There are 2 protein chains.
Amino acid sequence: MRLFERKDIEKVIRLDTDLIKKMETAFTSLVEKETTMPPIMRVDVPDHNGEVDIKSAYIKGEDSFAVKLSSGFFNNPALGLPSANGLMILINSLTGEPLAVLADEGRLTDLRTAAAGAVAAQYGSRENSRIAGILGTGSQARLQLQALTLVRPIEQVFVYGRKREKALEYKQEMEQELGLQLTVCDSVQQVVGQSDLIVTTTPSKEPFIYGDWMRPGLHITAMGSDAEHKQELDASVMEKADVIVCDVKAQSVRLGELRSSLKEQDRAIELGEVTSGRQLFRQSDKEITICDLTGTGVQDTAIARHVYHRLLAWEGVTDERREV
Amino acid sequence: MRLFERKDIEKVIRLDTDLIKKMETAFTSLVEKETTMPPIMRVDVPDHNGEVDIKSAYIKGEDSFAVKLSSGFFNNPALGLPSANGLMILINSLTGEPLAVLADEGRLTDLRTAAAGAVAAQYGSRENSRIAGILGTGSQARLQLQALTLVRPIEQVFVYGRKREKALEYKQEMEQELGLQLTVCDSVQQVVGQSDLIVTTTPSKEPFIYGDWMRPGLHITAMGSDAEHKQELDASVMEKADVIVCDVKAQSVRLGELRSSLKEQDRAIELGEVTSGRQLFRQSDKEITICDLTGTGVQDTAIARHVYHRLLAWEGVTDERREV
């Protein structure tokens, strides 16, 4: 069995259209192929304000699949450590042998989550969306914005975070990195009122976007809520939406935005139904659309396989050079 | 994060009274301490006759805990590979950081399962049990017998396996290794009729021990059934038992022998209640006792921590030698 460290993994993977394509295929496989995707396992470590989530998915016919551990330990920042950590284990589907441990420290989860945001925007937002609104100022706020620029002609960004200094840091970094014009707003409502598409990236326990603020043509990707106690969108937002898409409906009902909007669950469709062409997401420029992402094992399996193959190829190249 | 391979792990751990003690403490912690032990997660790989089980447990106050993957891929023997494989990941309880991957290939699961068998025998079987009966001839049949010899004055062994040549191999190996006298029987009933304590170690889907065969004083540890489709003891055996103990009742009801004997579940007690002294297991030489083991995350956490500390200590010793 091989062990790959984060520094090696980062050499072979980045947020690009190739990765977005992989995520699209992963969602499609959920509806087109026989897939084993057990419910998320959670190990709580209450006395240290921590939890480890375990996800996995096997897609019939693929020669490997991943089991992913991702941890959130929320006392870490006070210790000078990131809250998130994790690793993926890639397993041979024919024999059960572990092929590799990808000790990515949560990096692959960050990337596959951002890439899913791009897929959501690609099908849910208006094609000519030029103004992005970002709620939150953490690492997903950064990656989700970068992901949007890969699928939509983003020119301008409105951002809000509870800590203004973090929002200002975010503005500076993103302007430099992506060459966009960013504006730090004083309220969530200011962001929502000026944006074509919005991504919510917070660990909020209370909704902070309301139905009254909705305008025709708006798209929201809500990726923050992934646990029973989290929520970003008020039920009135879900009511106003013309189309609601989730990555996995059962998970959204348990851990995502549908949990507080159970009466919308019958009309909600899954992202895989959209990427496979079985259902349409946005059908006109007037519609209000929402995509709720809770994170799925098929995404983990897809990115772990992708990275593993690239790592092997990269080693092959390195070996050839050595031989010369 | 560290990666330890099986060959290194095997240098620092074996089935001994120290390990049995660790398992006893692990079971006790289930009733005496605050413990997080989520239900087992299973990833099925039906087209290759395989499955991966994921177990974990965090015991409040301990500075690390394990997440264990164990796989059973039942086409492997035809490929010349063992069915079982797996690894453990030890996680820092304070920060969520992965400390080590123990790439034990399932060896630690084998050892902790056998050590639990010793704990079961220690509390359930008569102290002067000299005759062991073993059903099955695989690796647990070997380890469980070895475990029994560490807690009971075993002199003689009766064994039955469906394939007689495997039973003969088993006899030869065990006689050599443990210096005991073994007899290969022609039927399960012959084994049961002559033994003081019995361990069932098979993946059987049908019960093969019946209530009519029970005699006063007999103890049975049933460790084979750990899935919805497995069963070793007929319901009539459970009825005849004076005391029924399980490692975890909820798991035995779902995956173990209580699944087919639901009406016995109210009187069944847990092994941790016994090891902690809160409940008695065997109270007289006349009683018929049963212990059903399905395998628990606290055992995995206990053995992973134990091995990790020994590996670090062993490296320390090696380093000192290097320095000399």
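No experiment lies behind these values; they were computed from the predicted model shown. (Residues numbered from 1 in each chain as written. Chains lettered and ligands numbered in written order. Predicted model: local features only at pLDDT ≥ 70, side-chain atom pairs only at ≥ 80, totals over all residues.)

Some points on the overall build of chain A
Then comes step 1: Along the backbone of chain A there are ten helices and 15 strands.
Then comes step 2: On C-alpha atoms alone, chain A measures out to a radius of gyration of 19 Å, which is about the 20 Å that the 2.2 N^0.38 rule sets for 324 residues.
Then comes step 3: Along the longest, intermediate and shortest principal axes, the C-alpha atoms of chain A span 60 × 45 × 40 Å.
Then comes step 4: By the burial criterion, 54% of the 324 residues in chain A qualify as buried.
Then comes step 5: For chain A, the proportion of contacts with a sequence separation of at least 24, taken over those separated by at least 6, is 69%. (Helix = DSSP H or I, 4+ residues; strand = E, 2+ residues; numbered from the N terminus. Rg over C-alpha atoms; globule rule 2.2 N^0.38 Å. Buried ≥ 20, exposed ≤ 12 C-beta atoms within 10 Å, placed from the backbone. Contact = placed C-beta atoms within 7 Å.)

Some thoughts on unusual backbone geometry
Then comes step 1: A positive phi angle is found at Asn49 of chain A, which is not glycine, with a value near 55°.
Then comes step 2: Along the polypeptide, Asn49 of chain A turns up in the loop between strand E3 (41–45) and strand E4 (50–59).
Then comes step 3: In this structure, Glu105 of chain B is a non-glycine residue whose phi angle is positive, near 60°.
Then comes step 4: Position of Glu105 of chain B relative to the elements: it lies in the loop between strand E7 (98–103) and helix H3 (107–124).
Then comes step 5: Under the C-beta neighbour-count criterion, Glu105 of chain B is labelled buried, with 23 such atoms within 10 Å.

Re the interface of chain B and chain A
Then comes step 1: At the interface, 36 residues of chain B touch 36 residues of chain A.
Then comes step 2: Within the residue set of the side of chain B that touches chain A, elements represented by two or more residues are strand E3 (41–45), strand E4 (50–59), strand E5 (64–73), strand E6 (84–92) and E7 of chain B.

Topic: the sheet that holds strand E9 (residues 156–160) of chain A
All names here are of chain A.
Then comes step 1: Reading across from one edge, E10-E9-E8-E11-E12-E15-E13-E14 is the order of the eight strands in this open sheet, with parallel pairing throughout. Looking along the sheet, the strands with just one partner apiece sit at the ends: strand E10 (181–184) and strand E14 (269–270).
Then comes step 2: In this structure, strand E11 (residues 197–200) lies alongside strand E12 (residues 219–222), joined through four bridges in parallel fashion. Each residue of the ladder has a partner; that of Ile198, found in E12, is Ile220.
Then comes step 3: Lying on the sheet, helix H5 (residues 164–178) is in contact with E9 and E10; it crosses E10 at an angle near 175°. (Pairing = 2+ DSSP bridges. Axes fitted to C-alpha atoms, helices over the stretch in contact; angles between N-to-C directions.)

Quick look at H5 of chain A
Residue and element names in this part refer to chain A.
Then comes step 1: With 15 residues, H5 ought to run about 21 Å at 1.5 Å a step, and its terminal C-alpha atoms sit 21 Å apart, in line with that.
Then comes step 2: For H5, the full list of buried residues reads Ala167, Tyr170 and Met174. Along the axis of H5, the buried residues cluster in a sector spanning 55°; they form a single face. With respect to the buried face of H5, the exposed residues turned more than 90 degrees away are Glu165, Gln172 and Gln176.
Then comes step 3: The elements touched by buried residues of H5 are helix H4 (139–151), E9 and E10.
Then comes step 4: Of the residues one or two after H5, Gly179 is the one with positive phi, at around 65°. (Expected span 1.5 Å × (residues − 1). Arc of directions from axis to C-beta.)

Side note on the domain arrangement of chain A
By a frequent convention, interface size equals the accessible area lost on bringing the separate parts together.
Residues and elements named next belong to chain A.
Then comes step 1: Structurally, chain A comprises domain 1 (2–108 + 298–323) and domain 2 (126–296).
Then comes step 2: Between the C-alpha centres of domain 1 and domain 2 the distance comes to 24 Å.
Then comes step 3: Across the contact, 14 residues belong to domain 1 and 15 residues belong to domain 2.
Then comes step 4: It is helix H2 (residues 17–32) that provides the largest number of residues to the side of domain 1 that touches domain 2, a total of eight residues. (Domains from an automatic or database assignment.)

A word on the sheet that holds strand E12 (residues 219–222) of chain B
Residue and element names in this part refer to chain B.
Then comes step 1: Strands sit in the order E10-E9-E8-E11-E12-E15-E13-E14 across an open sheet of eight strands; the sheet is parallel. The open sheet has two edge strands, strand E10 (181–184) and strand E14 (269–270), and neither has a second partner.
Then comes step 2: Across four bridges, strand E13 (residues 243–246) lies against strand E15 (residues 289–292) in parallel orientation. Within E15, the position partnered with Ile244 by the bridge is Ile290.
Then comes step 3: Contacting strand E8 (131–135), strand E9 (156–160) and strand E11 (197–200), helix H4 (residues 139–151) crosses the sheet at an angle of about 165° to E8.
Then comes step 4: Here helix H5 (residues 164–178) sits on the sheet in contact with E9 and E10, set at roughly 175° to E10.

Remarks on the relation of the copies chain B and chain A
Then comes step 1: Each copy superposes on the other: chain B lies on chain A with an RMSD of 0.0 Å after a rotation of 180° and an axial shift of 0.0 Å. Such values leave the two copies arranged in the relation of a two-fold axis. No C-alpha of chain B approaches the rotation axis more nearly than that of Met41 of chain B, which lies at 3.2 Å.
Then comes step 2: When the interface residues of chain B are mapped onto chain A, 100% of them are again interface residues, pointing to one common binding face. (Least-squares fit on C-alpha atoms with pLDDT ≥ 70 in both.)

A closer look at the packing of helix H2 (residues 17–32) of chain B against H3 of chain B
All names here are of chain B.
Then comes step 1: Between H2 and H3, the shortest axis-to-axis distance is 8 Å and the interhelical angle comes to 80°. Of the possible angle classes, the one that applies to H2 and H3 is roughly perpendicular. On H3, the residues touching Leu19, Ile20, Met23, Glu24 and Phe27 of H2 are Leu111, Arg112, Ala115, Ala116, Ala118 and Val119.
Then comes step 2: In the contact of H2 with H3, the residues fall into nine nonpolar, no polar and two charged. (Parallel < 35°, antiparallel > 145°, perpendicular 65-115°, else oblique. Nonpolar A, V, L, I, M, F, W, Y, C, P; charged D, E, K, R; others polar.)

Some words on the nonpolar core
Then comes step 1: Counting 194 residues, the largest nonpolar core has Leu102, Ala115 and Val159 of chain A together with Leu102, Ala115 and Val159 of chain B as its most contacted members.
Then comes step 2: Setting aside residues no more than four positions away along its own chain, Leu102 of chain A makes contact with Phe4, Ile9, Leu87, Met88, Leu90, Leu108, Ala304 and Val307 of chain A. (Core = buried A, V, L, I, M, F, W, Y, C linked by C-beta atoms within 7 Å.)

Re the pairing of E11 of chain A
Each regular strand shows side chains that alternate between the opposite faces of the sheet.
Residues and elements named next belong to chain A.
Then comes step 1: Side chains of E11 alternate between two faces, with Leu197 and Val199 and Ile198 and Thr200 buried alike.
Then comes step 2: Bridge count between strand E8 (residues 131–135) and E11: four bridges; the pairing is parallel. Residue Leu135 lies in a different strand from E11, and its bridge partner there is Thr200.

Some details on the environment of Leu90 of chain B
Then comes step 1: On the secondary structure map, Leu90 of chain B appears in strand E6.
Then comes step 2: Each residue touching Leu90 of chain B, except ones within four places of it in the same chain, is listed here: Ser64, Ala66, Leu99, Ala100, Leu102, Ala304, Arg305 and Tyr308 of chain B.

Description of the environment of Thr202 of chain B
Residue and element names in this part refer to chain B.
Then comes step 1: Counting through the fold element by element, Thr202 comes out in the loop between E11 and E12.
Then comes step 2: Separated by 22 residues in the primary sequence, Thr202 and Gly224 place their C-alpha atoms 4.8 Å from one another.
Then comes step 3: In this structure Thr202 touches Leu135, Gly136, Gly224 and Glu232, once residues within four positions along its chain are discounted.

Things to note about the pairing of E4 of chain B
All names here are of chain B.
Then comes step 1: In terms of burial, E4 is largely enclosed, as eight of its ten residues are buried.
Then comes step 2: Alignment of strand E2 (residues 35–36) against E4, held across two bridges, turns out to be antiparallel. Within E4, the position partnered with Thr35 by the bridge is Ile59.
Then comes step 3: As judged from the five bridges shared by E3 and E4, these two strands associate in the antiparallel manner. Looking across to E4, one finds that Val45 is bridged to Gly50.
Then comes step 4: Between the antiparallel neighbours E3 and E4 lie four residues, among them Asn49 with a positive phi of about 55°.
Then comes step 5: Pairing of E4 with E5 involves eight bridges; the strand directions are antiparallel. In the strand pairing of E5, Asp53 is matched with Ser70.
Then comes step 6: Hairpin connection from E4 to E5: four residues lie between these consecutive antiparallel strands, with Gly61 at a positive phi of about 95°.

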